[in-house]
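# Summary of structural features
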Amino acid sequence: MMPENQGGGLLRVVAALIEKDQRILIARRGRDKRFAWQWEFPGGKIRPDEQPEHCLQREIMEELNLQVRITGHFQTVSYCYEDFSVELLVYWCSIEAGTLHLNEHEEIKWVTVAEMQDYDFVAADLQVIESLSRYFGLPVDQAPGFRD
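Residues numbered from 1 in each chain as written. Predicted model: local features only at pLDDT ≥ 70, side-chain atom pairs only at ≥ 80, totals over all residues. Heavy atoms only, no water.

## A few points about helix 2 (residues 123–135)
Where we set the bar: Labels follow the DSSP assignment, with helices taken as runs of H or I lasting at least four residues and strands as runs of E lasting at least two, numbered in each case from the N terminus. A helix is expected to reach a length of 1.5 Å times the quantity of its residues less one. Three labels apply to residues, based on accessible area from a 1.4 Å probe with only protein chains included: buried if under 20% of the type maximum, exposed if over 50%, partly exposed otherwise in between. Any two residues whose heavy atoms approach within 4.5 Å at even a single point are treated as in contact.
Counted at 1.5 Å a residue, the expected span for helix 2 with its 13 residues is 18 Å, and the 19 Å between its end C-alpha atoms agrees. Of all the residues in helix 2, the buried ones are Ala-123, Ala-124, Asp-125, Val-128, Ile-129, Glu-130, Leu-132 and Ser-133. Where helix 2 is buried, its residues contact strand 1 (10–20), strand 2 (23–28), strand 3 (39–40), strand 5 (66–80) and strand 6 (85–98). Gly-137 occupies a position one or two residues after helix 2 and carries a positive phi of about 70°.

Now the structure itself:
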C-alpha cells in the first residue's frame, strides 16, 4: 500500500479492512519495500483519474488475488511522513471470490483489533487502528502507537 519511493507531495492511497469471522486481514510488507517488514492494511496508490473504489478492487486483486466487495467507507486519514504526505481512504470489504495468494507481501494474518497492538504497523495505519478501537469499544490507550 505505501509508496516505494516518493519525492514529496500528496499521495492518495486506499486501504481495505477485509473482515472475516470477526477478524481483519493485515499484511506484512516485503523486505525490499519502503517500510520493510511493517504491517499494513492492504491496498495501494490511486492512479490519476481513477475512482478510489475501483483502485481498491484492482489493488486487492493484484496483491492478494482476491475479488472484494466494498461494503462501506470507514474513514479518511491524512498523515505526513518526513518526505511526503498521504491521504488514506479506508473501506470495509468482504471477499467475494478468489484464492488468496501473496504477490506483494511477505505474509498475512487474520487478527482482531485488540491483537493489532502486537504488530508493528506503518505510521498512517495507526490512526485507523485507533478509530477501529473506538468503533469496537476498546480502550484507545491500548491501540498501537498509544503505548508508553
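## Overview of the environment of Leu-102
If you trace the backbone, Leu-102 turns up in the loop between strand 6 and strand 7 (107–111). Given the relative accessible area of 31%, Leu-102 is considered partly exposed. As for Leu-102 and Leu-64, which are separated by 38 residues in sequence, their C-alpha atoms are 5.2 Å apart. The residues touching Leu-102, leaving out its near neighbours within four places in the chain, are Glu-63, Leu-64, Glu-107 and Ile-108.

## Topic: the pattern of salt bridges
Cut-off, in case you're wondering: A pair is scored as a salt bridge if a Lys or Arg side-chain nitrogen falls within 4 Å of a carboxyl oxygen belonging to Asp or Glu.
With the rule as written, the count across this model stands at 12 salt bridges. With its nearest N and O atoms 3.9 Å apart, the salt bridge here joins Arg-47 to Glu-62. Taken together, the positions of Arg-47 in the loop between strand 4 (43–45) and helix 1 (52–64) and Glu-62 in helix 1 put the pair 15 residues apart, joining distant regions of the chain. For Glu-62, a relative accessible area of 39% puts it in the partly exposed group. The residue Glu-59 makes a salt bridge to Arg-58 at a minimum N-O spacing of 3.2 Å. Just as Glu-59 is buried, Arg-58 falls in that class too. Look at the salt bridges and you will find they share partners, linking Arg-47, Glu-50, Arg-58, Glu-59 and Glu-62 into a network.

## Re the packing of aromatic side chains
The geometry of an aromatic ring pair is captured by two quantities: the separation of the ring centres and the angle between the planes. As a reminder, the rule being used: Pairing of aromatic side chains requires ring centres within 6.5 Å, counting the rings of Phe and Tyr and the six-membered ring of Trp. Pairs whose planes differ by under 30 degrees are stacked, by over 60 edge-to-face, and all others tilted.
Tallied over the entire structure, the rule returns 10 aromatic pairs. Both rings, one in Phe-35 and one in Tyr-81, keep their centres 5.0 Å apart while their planes meet at 35°; by these two values the pair is tilted. Of this pair, Phe-35 sits in the loop between strand 2 and strand 3 while Tyr-81 sits in the loop between strand 5 and strand 6, placing them 46 residues apart in sequence. When sorted by exposure, Phe-35 lands in the same class as Tyr-81, which is buried. Between Trp-92 and Phe-136, the aromatic rings sit 6.4 Å apart at their centres with planes inclined by 85°, giving edge-to-face as the arrangement. Linking Trp-92 in strand 6 with Phe-136 in the segment after helix 2, this pair joins segments that are 44 residues apart in sequence. Its relative accessible area of 12% is what places Trp-92 among the buried residues. A relative accessible area of 39% places Phe-136 in the partly exposed class. Chaining the aromatic ring pairs together yields one cluster made of Phe-35, Tyr-79, Tyr-81 and Phe-84.

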